[in-house]
Amino acid sequence: MKLFSSKSKSVVGIDIGTHSIKVVELAGNKVNPKVVAWGVAALPSGAFSENAIANSELVADTLSGLLVSAGVKSDNVAVAVSSSHAITKVLGMPSGMREVELEEQISIEALHFIPYPIEEVNLDFEVLGPSATTENEDDVLLVACRRSVVEDYVDLIESMDLSLEYVDIDTYALERVYRSQNSLSPNSKEPVAVFDIGSSSSHLMIVDNEKVLYSRHQNFGAAQLVKLIRKEYGISADEAEELLNSPQPPADFLQTVQDPFVEMLKQEVSRALQFFYSSSSHSNIDSVVLTGACCGLAGLAGDLELKLRSKVSILNPFSDANVQFRRDAIVTKAPALSTAYGLSLRGLG
Ligand SMILES: Nc1ncnc2c1ncn2[C@@H]1O[C@H](COP(=O)(O)OP(=O)(O)OP(=O)(O)O)[C@@H](O)[C@H]1O
Ligand SMILES: [Mg+2]
């Protein structure tokens, strides 16, 4: 199974997370993407955990229902493996090598830095272009991923009679969305911090104008928010989810739930940034861009901005896209759909 592919056809991006599955189908082209279908469906607990498929039947049931309710048209799909299961490295390789030679050479190089038996990993590579530092060399991106994790996705998609066109890494899908948003390009020379808040974990990615400089997972997510709500109001997890998606939260919600959660978020983002600063020559960032379903909290960016004293915005993957149906509903769901959107962008060439 190739992690990269050069085919170009419309695909459905499927982002499977601990809490829910998100799908986006785009058509058109990168400049004028058109949203054909989108949707979100909560997963039963135990279906997906530790960033991998834990119960494929539960995932398949939820996914097949979602593909129908979202109005998905294409059978061609793209999925993402969590970067926590992948090792990536940029290698310098002599320019002009034939594909087979390159493959052979890369398999040898990979032995040096992959901490698992080579037969347990899925290897793939992509030639990025001429090296900026060494003459007559190309930069080649090597991606190694646990074979068992990838195979679970392959089996899931094949069991549903869908055609798996791309297995991507979630970080690349998010980076693709970020780069597709012209309005987010940093004005300063400092990089931007993209912070994806999931349910059980979060992921910080530091990007500059060209590449991802740093990437880190943290055990923090919207599950903390649900925990705060349950404790404060003495309600079940399902009721807490309902409350989060109701248009009228309780009067004391901002003070008793949102503010403590934003304080935790601030601590997590600050901690992640400190790790980045200590491992790089940077001591500042341009701004923070948030993504993930919990960005549906009204006023989240402004609240965090005050505490963090850094510019904060929320990634809206659909800002440059043509959405012709359920346009109002997509506004609150948009940040949850970033990774699925980035996966679907793969199909637009
Ligand atoms: N409107 C909303 N406001 C705030 N939080 C929300 C809202 N809708 C959903 N959430 C929370 O967001 C979380 C789900 O986020 P998301 O779909 O990004 O996670 P996931 O991708 O399934 O998880 P992970 O990436 O950790 O595997 C849930 O915990 C849910 O309670
Ligand atoms: Mg997620």
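So, here's what we can say about the structure. The shown structure was predicted, so the numbers you read here are calculated from the model rather than taken from an experiment. (Residues numbered from 1 in each chain as written. Chains lettered and ligands numbered in written order. Predicted model: local features only at pLDDT ≥ 70, side-chain atom pairs only at ≥ 80, totals over all residues. Heavy atoms only, no water.)

## Structural notes on the layout of surface pockets
The calculated volume of the second largest pocket comes to roughly 890 Å³. In terms of lining residues, the second largest pocket is bounded by 26 residues, among which L141, Y172, E175, K211 and V212 are the most central. Put simply, the parts of the chain that give the lining of the second largest pocket at least two residues each are β7 (86–94), β8 (121–130), β9 (137–146), β10 (163–169), α4 (170–180) and β13 (212–218). (1 Å grid on protein atoms, 1.4 Å probe; cavity = no way out; pocket = protein on both sides within 12 Å on 5 of 7 lines; lining within 4 Å. Points joined across faces, edges and corners; volume = space filled by probe spheres on them. Helix = DSSP H or I, 4+ residues; strand = E, 2+ residues; numbered from the N terminus.)

## Observations regarding unusual backbone geometry
Where the residue is not glycine, phi is negative for most of them; where a peptide bond is considered, it is trans in most cases. At R309, a position not held by glycine, the phi torsion is positive, near 55°. Residue placement: R309 occurs in the loop between α8 (300–308) and β15 (312–314). Residue classification places R309 among the exposed residues on the basis of a relative accessible area of 75%. With a phi close to 45°, R326 is a non-glycine residue in the positive phi region. (Buried < 20%, exposed > 50% of the residue type's maximum accessible area, 1.4 Å probe, protein only.)

## Some remarks on the packing of helix α7 (residues 253–278) against α8
At a minimum axis separation of 9 Å, α7 and α8 run at an interaxial angle of 55°. One way to sum up the angle between α7 and α8 is to call them oblique. As α7 runs across α8, the sense of the crossing is right-handed. Seen from α7, the contacting residues are Q258, D259, V262, E263, L265, K266, V269 and S270; seen from α8, they are L300, D303, L304, K307 and L308. In the contact of α7 with α8, the residues fall into six nonpolar, two polar and five charged. (Axes fitted to C-alpha atoms, helices over the stretch in contact; angles between N-to-C directions. Parallel < 35°, antiparallel > 145°, perpendicular 65-115°, else oblique. Left-handed = near helix turned anticlockwise from the far one by under 90°. Contact = heavy atoms within 4.5 Å. Nonpolar A, V, L, I, M, F, W, Y, C, P; charged D, E, K, R; others polar.)

## Remarks on the sheet that holds β7
The antiparallel open sheet is built from three strands, whose spatial order is β7-β9-β8. Each of the sheet's edge strands pairs with one partner strand only, and the pair in question is β7 and β8. Strand after strand, the sheet turns through a mean of 25° between neighbouring axes, direction not considered. In the packing of helix α2 (residues 99–110) onto the sheet, contacts are made with β7, β8 and β9, and the angle to β8 comes to roughly 120°. (Pairing = 2+ DSSP bridges.)

## Quick notes on the site of ligand 1
Lining the immediate surroundings of ligand 1 are 21 residues, of which T18, H19, K22, S199 and E241 lie closest. Within the side chain of K22, an N or O atom sits 2.7 Å from an oxygen atom of ligand 1. The side chain of N245 places a nitrogen or oxygen atom 3.1 Å from a nitrogen atom of ligand 1. Calculation on ligand 1 without its partners gives an accessible area of 660 Å², and the protein chains cover 92% of this total. Residue assignment for the shell around ligand 1 shows that the elements contributing at least two residues are β2 (20–28), α5 (223–233) and α6 (237–244). Considering only residue class, the shell around ligand 1 consists of eight nonpolar, eleven polar and two charged. A domain-level breakdown of the shell around ligand 1 finds at least three residues from each of domain 1 (12–82 + 150–174 + 336–348) and domain 3 (182–315). (Near = heavy atom within 4 Å. Polar contact = N/O pair within 3.5 Å; in protein donor to acceptor, adjacent residues only side chain to side chain. Areas by Shrake-Rupley, 256 points an atom, 1.4 Å probe, with all protein chains shown as cover. Domains from an automatic or database assignment.)

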